[in-house]
Amino acid sequence: MSWDQVWIDVNLATMSPQVSAPYGAISDAAIAVRDGKIAWLGPRSELPEFDVLATPVYRGKGGWITPGLIDAHTHLVFAGNRANEFELRLQGASYEDIARAGGGIISTVKACREADEAELFELGRQRLNALAREGVTTVEIKSGYGLNTETELKLLRVARELGTHHHVEVVTTFLGAHAIPPEFKHDSDAYVDLVVNEMLPAVLEENLADAVDVFCEGIAFNLEQTERVLCAARAAGLEIKLHAEQLSNLGGSELAARLGAKSVDHIEFLDEAGVKALAKSGTCAVLLPGAFYFLRETQKPPIDLLRQHGVPMVLASDFNPGSSPICSTLLMLNLGCTLFRLTPEEALAGVTRNAAKALGIDGRVGQLAVGMQADFCLWNISTPAQLAYSYGVNPLMDVVKAGKLIHQ
């Protein structure tokens, strides 16, 4: 048997539905890699013979290997910060109050329009490094802080560039319909025209996005405007997703499900009709406990309904300067359990298997199985539940990305 590397003295949390044990666990296991993919895995006692002199063998010291973590919802490329708004909220101002007064997304838009690509790249690199140190091997990065063609393209170029210079794989999402810019304050339909007729074609011409997102909310875009953008994206062959039901229930999730969206994100105000629509379409529900925590929200997503109807639940950081300035996917595991009452197994599935599904890349990452890309992490833990149980002392030991050992 010819392999590029073999890992022994490990336990596997495969997160594969084909393995019936909790976490898809295989104890006292081994895993072999060839040509960047998983070539074999199973109990160590069943490991086929291989040339030990020609094959690097890594010992996991009894730790656990999981799939590489996936952060399926971030706004990682931005300039500036909004610490002043943090203070305002603590004094009683709401997220909507700040947005309507010209703060919120618009203040970050100003900073991003003024920043050059080199500055944005360096800021993004530092943040991507922080996620990588926690075992993240794939991340989604949205635009949405430009709100004009030039800056939206700039943000997406930087996101793409980060992916070419870093071992973390970057999936990009065009979020031109994130907010209504000041210059279109009194004519939001005209801004949607710009998004559909100018921005989207420019994004497509440079191949800068894998998906398109819209913020469907009372302070952003209505259902009709949302449908225009999503239909244009779908017609262009891009995946679609939606910020929906964060502050109110406009029915955005049902619209997204009808159009075949990969995910709807936030969904605190999602009702049973929306949940049933997601279940029927196979659309993922992306839970963002960082924003729930940071904004001190009280309306929780309908976790029990999502479970009842079998909707795949994803956990993501929503890392952004306004509502979730928390650059930590590991912390989301704990917050998902403590705030939303997910089980640790559901939480881990939310940053592996289900996160891959939400990004449309579940055919190659998100679980440990023969033929999948060799993206995995070795953790100094005695049970997978430890990843959600504790926070602050990083248990990451090693990372393998596409068969390449990154960190040890």
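Keep in mind it's a predicted model, so treat the numbers as computed, not measured.

## Some details on the UniProt feature "binding site: N-formimidoyl-L-glutamate" (unreviewed entry) in the chain
Step number 1: As recorded in UniProt, the feature "binding site: N-formimidoyl-L-glutamate" (unreviewed entry) lies at Tyr145, Asn320 and Gly322. Spanning 178 residues, the named residues form one tight spatial group whose C-alpha atoms are at most 11.4 Å apart. From the list above, the largest cavity is lined by Tyr145, Asn320 and Gly322.
Step number 2: Along the chain, tyrosine 145 turns up in the loop between β7 (136–142) and α5 (149–165).
Step number 3: Tracing the backbone through its elements, the reader meets glycine 322 in the loop between β13 (313–315) and α12 (329–340).

## Some words on helix α9 (residues 272–281)
Step number 1: Of the positions making up α9, those classed as buried are Gly274, Val275, Ala277 and Leu278. For α9, the angular spread of buried residues about the axis comes to 160°, placing them on one side.
Step number 2: The elements touched by buried residues of α9 are α8 (252–258), β11 (263–266), β12 (284–287) and α11 (303–308).
Step number 3: Taken from the residues just after α9, glycine 282 is the one with a positive phi, measuring 80°.

## Some remarks on empty space enclosed by the protein
Empty space left among the atoms is revealed by rolling a probe the size of a water molecule over them.
Step number 1: In this structure the tally under the stated criterion is two cavities of 30 Å³ or more.
Step number 2: A volume near 100 Å³ is recorded for the largest cavity.
Step number 3: Every residue lining the largest cavity is counted, 14 residues in all, and those nearest its centre are His75, Tyr95, His178, Asn320 and Ser323.
Step number 4: Here the lining of the largest cavity is composed, by residue class, of four nonpolar, eight polar and two charged.
Step number 5: Roughly 40 Å³ of internal volume is contained in the second largest cavity.
Step number 6: Every residue along the wall of the second largest cavity is listed here: Pro67, Gly68, Ile70, Thr137, Thr138, Val365, Gly366, Gln367, Gln373 and Asp375.
Step number 7: When grouped by side-chain class, the residues that make up the lining of the second largest cavity number three nonpolar, six polar and one charged.

## Quick word on helix α7 (residues 223–235)
Step number 1: An ideal rise of 1.5 Å per residue puts 18 Å on 13 residues; α7 measures up with 18 Å between its terminal C-alpha atoms.
Step number 2: Listed as buried for α7 are Gln225, Thr226, Val229, Leu230, Ala232 and Ala233. Buried residues along α7 cover an arc of 160° about the axis, so they all sit on one side. Seen from the open side of α7, the exposed residues pointing more than 90 degrees away from its buried face are Glu224 and Ala235.
Step number 3: Looking at where α7 begins, the residue whose side-chain oxygen comes 3.1 Å from the main-chain nitrogen of glutamate 224 is asparagine 222.
Step number 4: Following α7 by one or two positions, glycine 237 adopts a phi angle in the positive range, close to 90°.

## Section: the UniProt feature "binding site: Fe(3+)" (unreviewed entry) in the chain
Step number 1: Sequence positions flagged by UniProt for "binding site: Fe(3+)" (unreviewed entry) are, in local numbering, His73, His75, His243 and Asp318. Considering the C-alpha atoms alone, the annotated residues occupy 246 residues of sequence yet fold into one spot, their largest mutual distance being 12.4 Å. Considered against the largest cavity, the annotated residues that line it turn out to be His75, His243 and Asp318.
Step number 2: Counting through the fold element by element, histidine 73 comes out in the loop between β6 (69–71) and α1 (83–90).
Step number 3: Those residues in contact with histidine 73 that lie beyond four places of it in its chain are Glu140, Lys142, His243, Asp265, Val286, Leu288, Ala316, Ser317, Asp318 and Phe319.

## Re the sheet that holds β11
In a beta sheet, neighbouring strands are held together by backbone hydrogen bonds and run either parallel or antiparallel to one another.
Step number 1: Sheet architecture is open: eight strands sit in the order β6-β7-β8-β9-β10-β11-β12-β13, paired in parallel fashion. Bordering the open sheet on either side are β6 and β13, each of which pairs with just one other strand. Across the sheet, the mean angle separating the axes of adjacent strands is 25° when strand polarity is ignored.
Step number 2: Relative to β7, β6 runs parallel, the two sharing three bridges. When the sheet's bridge partners are listed, leucine 69 is paired in β7 with valine 136.
Step number 3: Of the strands in this sheet, β6, β7 and β8 (169–177) are in contact with helix α4 (residues 117–132), which crosses β7 at around 140°.
Step number 4: The sheet contacts of helix α6 (residues 188–205) involve β8 and β9 (211–214), and relative to β8 the element is tilted by about 150°.

## Some remarks on the environment of arginine 34
Step number 1: As for its position among the elements, arginine 34 is in strand β2 (residues 25–34).
Step number 2: In this structure arginine 34 comes out as partly exposed when scored by relative accessible area, which is 34%.
Step number 3: In the structure, arginine 34 is positioned 337 residues away from glycine 371 in sequence and 9.6 Å away in space, judged by C-alpha atoms.
Step number 4: Excluding its chain neighbours within four sequence positions, the residues that come into contact with arginine 34 are Ser2, Trp3, Asp4 and Ala39.
Step number 5: In this structure the side chain of arginine 34 is engaged in a polar contact, spanning 2.7 Å, whose partner is the backbone oxygen of serine 2.

## A word on the packing of α6 against α7
Step number 1: Between α6 and α7, the shortest axis-to-axis distance is 10 Å and the interhelical angle comes to 5°. By the criterion of interaxial angle, the relationship of α6 to α7 is roughly parallel. Side by side, α6 and α7 meet where Ser188, Asp189, Val192, Asp193, Val195, Val196, Asn197 and Leu200 of the first sit next to Gln225, Arg228, Val229, Ala232 and Ala233 of the second.
Step number 2: Each residue belonging to the contact of α6 with α7 can be placed in one class, and the counts come to seven nonpolar, three polar and three charged.

## Let's talk about the state of the cysteines
Step number 1: The final tally for this structure, using the stated rule, is zero disulfides.
Step number 2: Cysteine 231 supplies the cysteine sulfur nearest to cysteine 216, a cysteine that is in no disulfide, at a spacing of 13 Å.
Step number 3: The buried category is assigned to cysteine 216, whose relative accessible area is 1%.
Step number 4: Here cysteine 377 is not cross-linked by a disulfide; its sulfur's nearest cysteine counterpart is in cysteine 327, at 15 Å.
Step number 5: Classification of cysteine 377 by relative accessible area gives buried; the value is 0%.

What counts and what doesn't
- Residues numbered from 1 in each chain as written.
- Predicted model: local features only at pLDDT ≥ 70, side-chain atom pairs only at ≥ 80, totals over all residues.
- Heavy atoms only, no water.
- UniProt positions renumbered as here; feature names shortened; annotations may be inferred.
- 1 Å grid on protein atoms, 1.4 Å probe; cavity = no way out; pocket = protein on both sides within 12 Å on 5 of 7 lines; lining within 4 Å.
- Helix = DSSP H or I, 4+ residues; strand = E, 2+ residues; numbered from the N terminus.
- Buried < 20%, exposed > 50% of the residue type's maximum accessible area, 1.4 Å probe, protein only.
- Arc of directions from axis to C-beta.
- Contact = heavy atoms within 4.5 Å.
- Points joined across faces, edges and corners; volume = space filled by probe spheres on them.
- Nonpolar A, V, L, I, M, F, W, Y, C, P; charged D, E, K, R; others polar.
- Expected span 1.5 Å × (residues − 1).
- Polar contact = N/O pair within 3.5 Å; in protein donor to acceptor, adjacent residues only side chain to side chain.
- Pairing = 2+ DSSP bridges.
- Axes fitted to C-alpha atoms, helices over the stretch in contact; angles between N-to-C directions.
- Parallel < 35°, antiparallel > 145°, perpendicular 65-115°, else oblique.
- Disulfide = S-S within 2.5 Å.

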